[in-house]
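Below, each chain spelled out in residue letters.
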Amino acid sequence: MQIAAPCVVSLTWKLADAQGAEIDELREPVEFFYGGDDLLAKVEEALAGHEAGYATTLHLEPEHAFGEYDPELVFFEARDIFPDGTVDAGMQFEGPPPGAVTPDMPADAIYTVTEVYPDHVVLDGNHPLAGIALRLALTVRDVREATGEEIEAGSVGQPVLSVMDSAPSGSSLH
């Protein structure tokens, strides 16, 4: 079956930065909805019309992957706004954490605690791979028709490129 929207593709890949340092490897095939929000637009563009067995390597500039790094999305908050003072680097919040006082921070961003100090905490709303040019070597392992449920959802259910959605050791491209 040729890859065309809507369908589901099973992929494996190796993701590296532009200098070749490995960021993520997806060894076991994972399904992604093709024609929805599961894959980056440049990945879908590269897969169009191909079949199982197709392999390619893509170079993705930040604007075609996770965007440019925006220093305006980095801010400090008092450590005491966190419950019982329990806050660790790597914690994430959808929107600024409750009690945050920094004005005009987007409510729909995922903020990651990057540093913890005795009196304050540094939060970053950039995607962990923002500002990084990427190399994605991928292989199509299978292609199948999407179910009605998948078509309605525009997804197979899990964020794709979660490697890009969270820590650089995940296993999905979104």
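Worth saying up front: this structure is predicted, and the values here are computed from it rather than measured.

Enquirer: Summarise the sheet that holds strand 5 (residues 92-94); cite the residues concerned and give the values.
Expert: Pairing is antiparallel across the open sheet formed by four strands, whose spatial order is 4-7-6-5. Both edges of this open sheet fall to strand 4 (74-78) and strand 5, since each of them pairs with a single strand only. Averaged over all neighbouring strand pairs, the angle between strand axes comes to 35°, with direction disregarded. Here five bridges tie strand 4 to strand 7 (residues 120-124), and the two strands are oriented antiparallel to one another. For A78, the partnering residue across the bridge sits in strand 7 and is H120.

Enquirer: If you had to explain the pairing of strand 6 (residues 110-116) to someone new, which residues and values would you point to?
Expert: Alignment of strand 5 against strand 6, held across three bridges, turns out to be antiparallel. Of the residues in strand 6, the one forming a bridge with F93 is Y111. Two successive antiparallel strands, strand 6 and strand 7, enclose a turn made up of three residues.

Enquirer: Lay out the side chain of D24 with the relevant residues and their values.
Expert: By the secondary structure assignment, D24 is in strand 2 (residues 22-34). Despite its burial, D24 pairs with no opposite charge, the nearest such side chain being R27 at 9.2 Å. A polar atom in the side chain of D24 sits 3.1 Å from the side chain of W13.

Enquirer: Go over unusual backbone geometry, please, and point to the residues and values.
Expert: In this model, A5 is joined to P6 through a cis peptide bond whose omega is -10°. Assignment of secondary structure puts P6 in the segment before strand 1 (7-17).

Enquirer: Tell me about the pattern of salt bridges, and name the residues and values.
Expert: Summed over the entire model, instances satisfying the criterion amount to four salt bridges. Close ionic contact of R27 with E25 constitutes a salt bridge, the shortest N to O distance being 3.2 Å. Judged by its relative accessible area of 25%, E25 falls in the partly exposed class. We note a salt bridge from K42 to E45, for which the minimum N-O separation is 3.8 Å. One end of the pair is K42 and the other is E45, both in helix 1 (residues 41-47) and three residues apart, which spans about a single turn. Relative accessible area serves as the criterion here: at 54%, E45 is assigned to the exposed category. Sharing partners across several salt bridges, the network here consists of E31, R144 and E150.

Here is what the cut-offs are and how they apply
Residues numbered from 1 in each chain as written. Predicted model: local features only at pLDDT ≥ 70, side-chain atom pairs only at ≥ 80, totals over all residues. Heavy atoms only, no water. Pairing = 2+ DSSP bridges. Helix = DSSP H or I, 4+ residues; strand = E, 2+ residues; numbered from the N terminus. Axes fitted to C-alpha atoms, helices over the stretch in contact; angles between N-to-C directions. Buried < 20%, exposed > 50% of the residue type's maximum accessible area, 1.4 Å probe, protein only. Lys, Arg positive; Asp, Glu negative; His and termini not counted. Salt bridge = Lys/Arg side-chain N within 4 Å of Asp/Glu carboxyl O. Polar contact = N/O pair within 3.5 Å; in protein donor to acceptor, adjacent residues only side chain to side chain.

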